[in-house]
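# Examination of the molecular architecture
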Amino acid sequence: MGDLMGLINLEHEQDFLEELTYFRCGAAAPFAGRYRLVDFTLSNMVNSGVSEVAIFTNSKYRSLMDHLGTGADWELARRHGGLFILPPDWNDPTDVSRGDLKHFHNNRDYFHRSKASHVVISGSQFISNAHYKKAFKLHLEREADVTCITTEVDTLEPEHMSQLRIEHDNDGWVTGFTNDHENKHVFTNAYIIKKEVLLKLLDECIAYHKDHFFLGGVKENLDSLAVQYINSEGCSIFINSIKSFYKHNMNLLQPDNYRSLFFKNEFIRTKISNEPPAKYRESSKVTTSMLANGCVIDGEVSGSILFRGVKVHKGTKVKNSIVMQRCIIEEGVHLENVILDKDVRITAGQTFIGSKDKPFVVAKRQTI
Amino acid sequence: MGDLMGLINLEHEQDFLEELTYFRCGAAAPFAGRYRLVDFTLSNMVNSGVSEVAIFTNSKYRSLMDHLGTGADWELARRHGGLFILPPDWNDPTDVSRGDLKHFHNNRDYFHRSKASHVVISGSQFISNAHYKKAFKLHLEREADVTCITTEVDTLEPEHMSQLRIEHDNDGWVTGFTNDHENKHVFTNAYIIKKEVLLKLLDECIAYHKDHFFLGGVKENLDSLAVQYINSEGCSIFINSIKSFYKHNMNLLQPDNYRSLFFKNEFIRTKISNEPPAKYRESSKVTTSMLANGCVIDGEVSGSILFRGVKVHKGTKVKNSIVMQRCIIEEGVHLENVILDKDVRITAGQTFIGSKDKPFVVAKRQTI
Amino acid sequence: MKKECVAMLLAGGEGKRLGLLTKTLAKPAVHFGGKYRIIDFTLSNCSNSSVHTVGVLTQYSPMLLNKHIGIGKPWDLDRQEDGVSILSPYTAKKGGSWYKGTADAIYQNIHYIDQYDPEYILVISGDHIYQMDYAKLIEHHKEKQSDATISVIEVPWKEASRFGILNTLDNLEIYEFDEKPETPKNNLASMGIYVFNWKALRQYLMEDANLTDSDHDFGKDIIPAMLNDGLRMYAYQFEGYWKDVGTIQSYWEAHMDLLEEDLSLSLNSKEWRTYSHDTNYPPQFIGEYAIIENSLINSGCWINGKVTNSILFERIDVGANSSINESIIHPEVRINSNCLIKKAIIMEGVEIPEGTIIDGEKYDEPLVINSENIVDFQKEGVER
Amino acid sequence: MKKECVAMLLAGGEGKRLGLLTKTLAKPAVHFGGKYRIIDFTLSNCSNSSVHTVGVLTQYSPMLLNKHIGIGKPWDLDRQEDGVSILSPYTAKKGGSWYKGTADAIYQNIHYIDQYDPEYILVISGDHIYQMDYAKLIEHHKEKQSDATISVIEVPWKEASRFGILNTLDNLEIYEFDEKPETPKNNLASMGIYVFNWKALRQYLMEDANLTDSDHDFGKDIIPAMLNDGLRMYAYQFEGYWKDVGTIQSYWEAHMDLLEEDLSLSLNSKEWRTYSHDTNYPPQFIGEYAIIENSLINSGCWINGKVTNSILFERIDVGANSSINESIIHPEVRINSNCLIKKAIIMEGVEIPEGTIIDGEKYDEPLVINSENIVDFQKEGVER
C-alpha cells in the first residue's frame, strides 16, 4: 500500500457540534471515552498501510495540533513521509482559488513530492473501523479514476439526510450522486482518487471558480470519470450534530456495538496518555458504562461514558451522560442526559437534567 | 537550568527581508550556508539546557513549521516539554488583547503548565553563539525581575539604529531604554524574566490596551522593576534588512568571523539533511567560499556562500554571492553580488550583477 | 559529551523468590500496579528527577525487559546524545559471562560511563517500588561534599536486623555499616541507592576487580573498603513509600498497599507521574450487572462479574457471576462465568474455565496461577 | 504482529584483511564515502525498499556499530512495532559464545523472527557497497514461486573462479552451486543476498543445528542441502554497482570509483537516498589559496591547501601548501601545512605534523595511517 497517500479534508466540516466546537474544530471533538473524531479516519489510514497523511485545517485547529503532536502515536513521526497538519497560511496575492480548492492549490507540493499515485481522501465525520485495503484493491483492479466508500443503511436517520446518496449500475460504476431522501445508499465522503486525476480536476476547478473539490470536480464530471463504489464493512456511524454525537456515544454502551467498533479489526490509535488504571472506591457503583483510565469513582455511574481522569465524588449520580477529560463532579450531584466538555467542575449538590434529543451541554473549563 | 523555559517571539518581526520574506517569515530565512535565522536563538536556548520552547508566529509560518518539524533535530521532540509552534488561532470574541499581547494572553497555558519559574524571551534577528547560562546565573544572583542581554558595539552600523540602547548604573541595573543614536550599548531583544512578573505585566498590559509586551510592560514599568543587563559574549550580529543580511553573510568569509560564530561554543543545531559530501569536479575552481553538502561544482566560485544541493555548471562564475538550496546555475553564467533564493534556475549564458549595498535578489522558484 | 551525573540501573536480578512470576522474566520486568512493570517506577524516577543519562544493566532473561525499555520513549529517555542505554554482558570472541556482582557490573561498563566524563554516579536498582527525587539526593551529596552518599529509610526497630543498617553521627555522617545486625544500633536501612564521586568510585572499582576473594558487591566490598579508608560518606534520609517486592507475599502486599488511600505512593499524582507504555485498547466496559469496589481496572477490560479489592491489568474479561477478591490479574486474562478467585495472582494470558474456584486464603501465600497449573483447579466444582 | 518479510542483516564480520581499519571496529562500521559507514548502504537499501523489520546481528567489536545504528532514526527504522533491532550473541548464565556461522546466527535468533510470523526472510550482509531495491528481489521470488532466491551479479569470466558461482537454466532456475570453481561454467556470482520462504528455511536451520560436522554456513551447508533436496531455487540478476570492500586495496578502489561520474553508484540520487547520521558542523570553508579538483568534501572542513582525487570526511583541516591526492581522510583529521599525502588512508583523529610526506605509491597497497604509525613518517622531510 505504499502507493496510497492520505488526506483528511476538514475545510467543509466546521462548527457542527455547537458548544463542543466553540473552541475546537469538529475533528478534534472527544468521542467514545478516549478518542477524538479524527482518530478513526487517521487510524483507518495508518492501519491500511498509508504512511503519509496531510490534514487540511481551517480554523480552531490548535487543539487538533495538540492532540496529534508529532504524529508518533499514529506511527507517523517519520523522517520521510509522516503527518502534515496544514493550516491556512498563504500569501500569494494572485491566487484566485476558493473553498477547499485553496487548500489543494496551495499544498500541491504535498502531492508532487510523494511517490504515491493514488490518494485516499476523507473527512472526520464518518466513524468506522475498517481498512481501505479492499477499496484500494478494487480501485486498482477496475482501473477506476475514483472509488467512493459508501454504506447502505437499514433506516435513514436525521444524520444521513445531509449526505450524498449514490446510484450505480450492476458493475459497481456510479451513475449519479443525489440527495434523494428515500435512497439508503449513503456516501461516506471518503474516496480514493488517482493522483493525476486529482491534479487535473484541481486545475479545472480553479479555472471555473469552483469552491468544492468533490462537488465541483468529481460530481460535476461524473460523465467523463470512471467512478466505482464499495461498501464499507462493519460499524458505520455519521456524526454531524450534537444529537447524532450523543446518540452514537450512547449506542456504544450496547455490547455488540462496542465490540464491533473496537474489537472487530485493528485498534483505533489515539494519543498515548499516562493515566493510571481507573480507581473504583468502596462506595462506587458503576453499571453499563465505559470508563477511561485515570478516573476515580466514589459515586454512582450508569449508562454513561467517562473520559480520562474524571472524578465522581460520593453521593453523586451520573446517568446517561458523557463526561469528558478531567471533569470533577462534586458530592451529591445528579446528572442525567448531560454532556460535560473538558475540565468542567460541577459543584456540590446540583442537579442537571437534559433529554435524549436535547442533552444538556456544558462548554469546557467552566465551574457551575 | 530546568528552571528556565524559552519563548521566541516573532510577532514584531515581519517581512524585514523583502523578496526573501515574500513567502516566509524572517525567522525562516536561510543564513550562512545551511541554517535558518531561527536556528541561532533556538540552539542557544537548547544548548543552555532549556527543554521547552514556544514560538509565537504570526503569518507565513509554513516554512518555519517545515524547517522545525517535530523539533527532534534540536532535541525538542519530547513527550513532556518540547517545541510548541503557536500560530495565531484564537476564537474568543471577548478577547481584547492586541499586538503580541494577544499571543501571550492566548497562550497562557504554556506558561502555567511548565514548572519553570523564569522565561528567556528572544526574537530571531540577533545572531550569536552563546549560552544563556551566565545570564541566568546573574539573573538569579541579583534576584532581578528582568535581565536584558546586550552587546556593546565598536561602530554603530545601520542595522543597530532601530534597536533600543540601554543606560545603566555601576551595579548593572538598567536605568533607561533609549533610542540615543550615539549610544553603543545595544539591546539584543533577548531577556530573561521571572514568570510571575511576566504574568503580572501581561495582565497590566492588556488592561491598558498595550500592544507590545516589552515596550508596554517592561520599558514603561522600568521604575518599579529590577532590571539587570549582561553583555553577550562572542559574535554579535543583527540582521534586520537585506543589506545587513548580505553583509553579515559575506563577513563570515573572513576566517576569524567563521570561527567565532561556529567554533567558539557548542554547535548551532539545524535541520538534519541527507545530502552527500560536496562534489568538486575536474574543472572546479573554488576560493574563499562556504559550501554546504550536496553541492556539485564544475565552475568557478569565489567569495560566495552556497547552500545545500547547489549546482554550478562549467564555465560559470559566481562571485560575492549567496546561493540558496537547490539552485541550478547553468553553463556560462556570470553572477556577482547576487542573492538567489531557493530553487532558482539561472539559464545558460546570462549575467547578473548587483552591488554590495544593493545586491540583486531573485525570489524563490524562478527560472530566469 | 560531558554529563554531570550518570545513573547505572541494576536490572539483572533473577528474583528467585518470586517463583513462577520470574520463571522466564527478569524481576524488574514483572507486571505491577495494573499497568506498569516494576522497573517503570525507577525509570520514572530518573525522568522526573531530570537524570537523563541512564545505563540499564540487564542479564537474566533480558529479552522482554530490553523490548520494554526499547529506546526509552515513555520516560522521555529517547535522546540523541544520551538517554537510556541497555548494557548487557558483552560476549567476546572467547565467550562472555554474567556480571560477578553489583560492583563488577559497573566495572565492566566503565567505558560507557567514561564517555560522559561525569562528576557523579547514581547507582540504583530496578527492583523496588518507590517514588523518589534523585535530584534532591544528589543535591544532598554535593552539600555535604561527600564522596559517597547512601539513601536510607527508617524501618521498624524489630525489623532492622533484616536490613543493612547504617550507623551515623547526628549530621548523618556514616561511621559504620552493619549488614543484618543481630542487635541493631540504628533503624536506618540502606535502600541500595548510592551516589558516588565518579573519580573515587572508579579507583575502588579498579582495585576491587583485582581482588580474587571479593564478591564484587557494593554492600559487601566497596562500601566497607571506602569506610575503612575514611572517605566522607553520608546518609540521605528518604521519607515515603518504599518496598522491595522480593517475595510473592510482599508483591501481593504492595498491591494491596496501592489500594490504600492514605499511603504516600500515588499513581494519580500530576507532580510525579509514573510512566509506562500505553496501548490502544478502548476504554473499559462495565456491564449491567457488574459490581466493583476498591479496585484498580485498566483499559480494554470487560467486567460482568464482581471485583473487589483487586487490581486488573489490561484486556481482562470477567464473566457473569464470577467474583474476584484480593487478587491481581495480569493482562489478557479471560475469566469465564461462575468463577471464584480469592487472594490469587493470575498470570498473563491464562484462561480460567467456567466454574473454577481458586482460593488463596487456604495457603500460606497468595496463589500464582499460570496456564499450566490452572488445570489443578478446574475440577473443584462450584461452591459459593 | 505479522510481517510479510523480515530482513536479517549479518554485521558481525571481523574484516581481518582490512588491517588497521578493523582493528577495533567491525567491518560494517568502517567509514565510507566521505560521510557514511559501510553498513549505511545496506540499511538505506532496506529503508528505500520498504523493508521495515530488520534484525542486525552484531558480534565483533559491536560497541560503535550498536551506537551508530542506535534506534535506527536516520533510516526511518525507529518504529513502534518493528523497525531495527540489534541482536547480539546472548550471554546466558553459564556464558555465551559467538555465532558459529551465518546460518547459526539466524538459528540463534529464530525467536526474534517467529514473533513476526513472516512469509519470507531476506538475508543480507553489511559488508558491501551497492544500491539495490530488495522489493524487486522479493517480487521475483514470489513470481517464480521459489523456495530460495539468490541474488547474483555478472562478473568478468576471468575473475569468476574467485566467487561462488551459480549455474542456472535459461529461466534462472539454479541447478548447481560452485564455490570458487577452477573452470567456471558460468559468470553469475552469488552476492550473499538470499530470500527464503521462512517455513522452509526454519526447517533446514533446525536440522543443520544438530549436525556436528556442519560449518553452519549458508553457502557451504544450507544452500547445498536445499539444492540436494530439489527445492525450487532461482537466481535474481542484479545490475548495478556492487563491491565487496574486503581489502585495503578494494576499499581504496571503491572510493576512487565513487569519484567516477559514469558509474551507476550515486550518492546524489533523489530517488535512492543513502542515509546516515548528520552532524551540526558548519558548511565547509574553502580558503583563498585552496585548489580542489575531483574530490568529495564534507561539512566542517577547512581547506587551505590542494585536494585532488580525494575524499574528505567531516571536520578536516588542510593547511596551506599541503597537497592531498588519491587519498581518503577520515573525520577529525588535522593536516598541518607543507604536507604531501598520496594514495593513503588517514584514520580518524590523526594529526599530521607540518612537512610530513606520506606517499602510498611506493607501496603495494594504499598506506593506512593511524596515530601510532604516523611517527614513522614525520622525519622524512619536505621534498616536493
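Rules used throughout
Residues numbered from 1 in each chain as written. Chains lettered and ligands numbered in written order. Predicted model: local features only at pLDDT ≥ 70, side-chain atom pairs only at ≥ 80, totals over all residues. Heavy atoms only, no water. Contact = heavy atoms within 4.5 Å. Buried area = accessible area lost by both parts, 1.4 Å probe. Salt bridge = Lys/Arg side-chain N within 4 Å of Asp/Glu carboxyl O. Nonpolar A, V, L, I, M, F, W, Y, C, P; charged D, E, K, R; others polar. Domains from an automatic or database assignment. Axes fitted to C-alpha atoms, helices over the stretch in contact; angles between N-to-C directions. Helix = DSSP H or I, 4+ residues; strand = E, 2+ residues; numbered from the N terminus. Parallel < 35°, antiparallel > 145°, perpendicular 65-115°, else oblique. Left-handed = near helix turned anticlockwise from the far one by under 90°. Buried < 20%, exposed > 50% of the residue type's maximum accessible area, 1.4 Å probe, protein only. Pairing = 2+ DSSP bridges. Arc of directions from axis to C-beta. Polar contact = N/O pair within 3.5 Å; in protein donor to acceptor, adjacent residues only side chain to side chain. Phe/Tyr/Trp six-rings, centres within 6.5 Å; stacked < 30°, edge-to-face > 60°. Lys NZ or Arg CZ within 6 Å of the ring centre and 35° of its normal.

Glancing now at the interface of chain B and chain C. It is common to report an interface's size as the accessible area lost on association of the parts. Counting residues at the interface gives 8 residues for chain B and 10 residues for chain C. For the pair chain B and chain C, the summed buried area comes to about 850 Å², and 28% of that belongs to carbon and sulfur atoms. It is Glu75(B), Arg78(B) and His80(B) in chain B that bury the most area against chain C; as a group they hold 56% of the surface buried on that side. Seen at the junction of chain B and chain C, the total is 2 salt bridges. Across the side of chain B that touches chain C, the residue classes tally to 1 nonpolar, 1 polar and 6 charged.

Bringing the domain arrangement of chain C into the picture now. Residues and elements named next belong to chain C. When cut into domains, chain C gives domain 1 (5-268) and domain 2 (285-376). When each unit is reduced to the centre of its C-alpha atoms, the spacing between domain 1 and domain 2 is 33 Å. Across the contact, 18 residues belong to domain 1 and 26 residues belong to domain 2. With both chains or domains summed, domain 1 and domain 2 bury close to 1,700 Å², and 70% of this area falls on carbon and sulfur atoms.

Residues and elements named next belong to chain D. Interhelical geometry of helix 1 (residues 38-48) versus helix 2 (residues 62-69) gives an angle of 40° and a closest axis separation of 12 Å. Taken together, the axes of helix 1 and helix 2 lie oblique to each other. The crossing of helix 1 and helix 2 is right-handed. Along its contact with helix 1, which presents Ile39, Asp40 and Leu43, the element helix 2 presents Leu65, His68 and Ile69. Across the contact of helix 1 with helix 2, the residue classes tally to 4 nonpolar, 1 polar and 1 charged.

So, about the pattern of salt bridges. The tally for this structure, following the rule as stated, stands at 83 salt bridges over all chains. For Lys247(A), the salt bridge is made with Glu159(A), and the minimal N-O distance between the two is 3.0 Å. With Lys247(A) in helix 8 (residues 242-251) and Glu159(A) in the loop between strand 8 (146-152) and strand 9 (165-168), this residue pair connects regions lying 88 residues apart in the sequence. Look at Glu159(A) and you get buried, because its relative accessible area is 4%. Here Arg78(B) makes a salt bridge to Asp76(C), at a shortest N to O gap of 3.4 Å. Pair noted here: Arg78(B) is in the loop between helix 2 (62-68) and strand 5 (82-86) and Asp76(C) is in the loop between helix 2 (62-69) and strand 5 (83-87), and the two residues belong to different chains. You'll find Arg78(B) and Asp76(C) in the same group, each marked buried. Each of Glu75(A), Arg78(A), Lys73(D), Asp76(D) and Asp78(D) takes part in salt bridges that share partners, so that together they form one network.

Moving on, we come to the sheet that holds strand 17 (residues 296-297) of chain B. One open sheet accounts for 10 strands, arranged 26(B)-23(B)-20(B)-17(B)-14(B)-16(D)-19(D)-22(D)-25(D)-28(D); its pairing is mixed. Looking at strand neighbours, the two that pair on one side only are strand 26 (345-346) of chain B together with strand 28 (367-369) of chain D, the edges of this open sheet. Of the pairings in the sheet, the one linking strand 20 (residues 311-312) of chain B to strand 23 (residues 328-329) of chain B comprises 2 bridges and is parallel in character. Each bridged residue has a counterpart across the sheet, and for Lys311(B) the counterpart in strand 23 of chain B is Ile328(B).

Residue and element names in this part refer to chain C. Buried within helix 5 (residues 134-143) we find Tyr134, Leu137, Ile138, His140 and His141. Summarising the axial view, the buried residues of helix 5 lie within an arc of 155°, below the 170-degree limit, and thus occupy one face. Away from its buried face, by an angle of more than 90 degrees, helix 5 presents the exposed residues Lys136 and Glu143. Between a side-chain oxygen at the N-terminus of helix 5 and the backbone nitrogen of Ala135 the separation is 2.9 Å; the capping residue is Asp133. One or two residues past the end of helix 5 sits Gln145, with phi positive at roughly 50°.

Let us look at the interface of chain A and chain C. Taken residue by residue, the interface counts 38 residues in chain A and 40 residues in chain C. Ranking the residues of chain A by area buried against chain C places Asn274(A), Pro277(A) and Tyr280(A) at the top, with a combined share of 20%. Summed over the shared surface of chain A and chain C, the number is 1 salt bridge. Here Arg34(A) and Asp278(C) are joined by a salt bridge, their closest N and O atoms 3.2 Å apart. Linking chain A with chain C are 19 residue pairs in polar contact (both at pLDDT 80 or more). Here the element with the most residues in the side of chain A that touches chain C is helix 9 (residues 255-262) of chain A; it accounts for 4 residues. When the residues that make up the side of chain A that touches chain C are grouped by side-chain class, the tally is 21 nonpolar, 10 polar and 7 charged. Relative to strand 14 (residues 284-286) of chain C, strand 16 (residues 289-291) of chain A runs antiparallel, the two sharing 3 bridges. Bridge pairing links Met290(A) to Phe285(C) in strand 14 of chain C.

All names here are of chain D. For strand 11 (residues 188-197), a buried count of 9 out of 10 residues is recorded, marking the element as mostly surrounded by other parts of the structure. Examined bridge by bridge, strand 6 (residues 120-125) and strand 11 share 4 bridges and lie antiparallel to one another. Directly across from Leu122, in strand 11, lies its bridge partner Val195. Pairing of strand 8 (residues 148-154) with strand 11 involves 6 bridges; the strand directions are antiparallel. Following the sheet pairing, Ile153 is matched in strand 11 by Ala189.

Attention now goes to the sheet that holds strand 23 (residues 334-335) of chain D. Strand order across the open sheet formed by 10 strands is 28(B)-25(B)-22(B)-19(B)-16(B)-14(D)-17(D)-20(D)-23(D)-26(D), with mixed pairing between neighbours. Whereas interior strands pair on both sides, the edge strands pair on one side only; in this sheet they are strand 28 (360-362) of chain B together with strand 26 (351-352) of chain D. Sheet topology note: the strand 14 (residues 284-286) of chain D/strand 17 (residues 302-303) of chain D ladder contains 2 bridges and is parallel. Bridge pairing in strand 17 of chain D links Ile286(D) to Ile303(D).

Considering all chains together, one arrives at 66 aromatic pairs over all chains under this definition. Pairing Tyr35(B) with Phe40(B) gives two aromatic rings, centres 5.4 Å apart and planes at 55°, and the pair type is tilted. Given a relative accessible area of 0%, Phe40(B) falls into the buried group. Each ring, one from Tyr60(C) and one from Trp98(C), has its centre 6.4 Å from the other, and the planes form 90°; the classification is edge-to-face. Of this pair, Tyr60(C) sits in the loop between strand 4 (53-57) and helix 2 while Trp98(C) sits in the loop between strand 5 and helix 3 (102-107); the two residues are 38 residues apart in sequence, bridging distant segments of the chain. Residues Tyr60(C) and Trp98(C) agree in their burial class; the two are buried. Taking NZ or CZ as reference, Lys343(C) lies 4.8 Å from the ring centre of Trp252(C), over its face.

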